[in-house]
Amino acid sequence: MNYTTPEDFIEEMRQALSSGNHTKAEQLSIQAIKHYPDNEDIKKCAYILAPAKATVSKRNDIDREGLKKSREWVNQQRINRKYLNQWVAVQNGKLLAAANSIDELFERVSDTKNVLFTVIY
């Protein structure tokens, strides 16, 4: 297809997406940004359709020993079936709070540094 306007590219990307061809839509967005690098709609499409990026960084400020103790505590509760289906906040292997939802739990725990938040299942 001959793309003479940004809208031509956008329409073709929409058709590709609606037919489930995400790879084609991504490729079209790459072509479109080369032809129309200043077009805001094309930039938005290229951003949305760009491949996902993952970054990993090692954090030195995490209390790894405390986290290990907290994971052990959680595993023990799963075995004991205590706090089943509840959200818990655990720090250094000690329960800080338990709640029925993560939102409720965050309301109860103000300082979240080195706190493990999880649900017991």
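The structure presented is a predicted model; accordingly, all values stated were derived computationally and were not measured.

Caption draft 1: Layout of the side chain of Ser-29. Mapped onto the fold, Ser-29 is located in helix 2 (residues 22–35). Looking at Ser-29, the relative accessible area reads 2%, which means it is buried. For Ser-29, the contacting residues outside a window of four places in its chain are Met-13, Cys-45, Ala-46 and Leu-49.

Caption draft 2: Focus on the nonpolar core. Core analysis: the biggest nonpolar cluster contains 11 residues, these being Tyr-3, Phe-9, Ile-10, Met-13, Ala-16, Ala-25, Leu-28, Ala-32, Ile-42, Cys-45 and Leu-49. Going through the elements one at a time, helix 1 (6–18), helix 2 and helix 3 (40–49) are the ones with two or more residues in this core. Here this core takes four residues from helix 1, the largest share from any one element. Setting aside anything within four residues of it in sequence, one finds Ala-32 in contact with Phe-9, Met-13 and Ile-42.

Caption draft 3: A look at the side chain of Thr-118. Position of Thr-118 relative to the elements: it lies in strand 3 (residues 116–119). In contact with Thr-118, not counting residues within four places along its chain, are Val-74, Arg-78, Gln-86, Trp-87 and Val-88.

Caption draft 4: Fine view of the pattern of salt bridges. Evaluation of the coordinates by the stated rule reveals three salt bridges. A salt bridge links Glu-12 to Lys-24; its shortest N-O distance comes to 3.1 Å. Separated by 12 residues along the polypeptide, Glu-12 in helix 1 and Lys-24 in helix 2 bring together distant segments of the chain. Classification of Glu-12 as buried rests on a relative accessible area of 11%. Taking relative accessible area as the criterion, Lys-24 reaches 33% and is therefore assigned partly exposed. With a closest N to O distance of 2.5 Å, Arg-108 and Glu-104 form a salt bridge. Placement of the pair is Arg-108 and Glu-104 together in helix 5 (residues 102–108), with a separation of four residues, close to one helical turn.

What counts and what doesn't
- Residues numbered from 1 in each chain as written.
- Predicted model: local features only at pLDDT ≥ 70, side-chain atom pairs only at ≥ 80, totals over all residues.
- Heavy atoms only, no water.
- Helix = DSSP H or I, 4+ residues; strand = E, 2+ residues; numbered from the N terminus.
- Buried < 20%, exposed > 50% of the residue type's maximum accessible area, 1.4 Å probe, protein only.
- Contact = heavy atoms within 4.5 Å.
- Core = buried A, V, L, I, M, F, W, Y, C linked by side-chain atoms within 4.5 Å.
- Salt bridge = Lys/Arg side-chain N within 4 Å of Asp/Glu carboxyl O.

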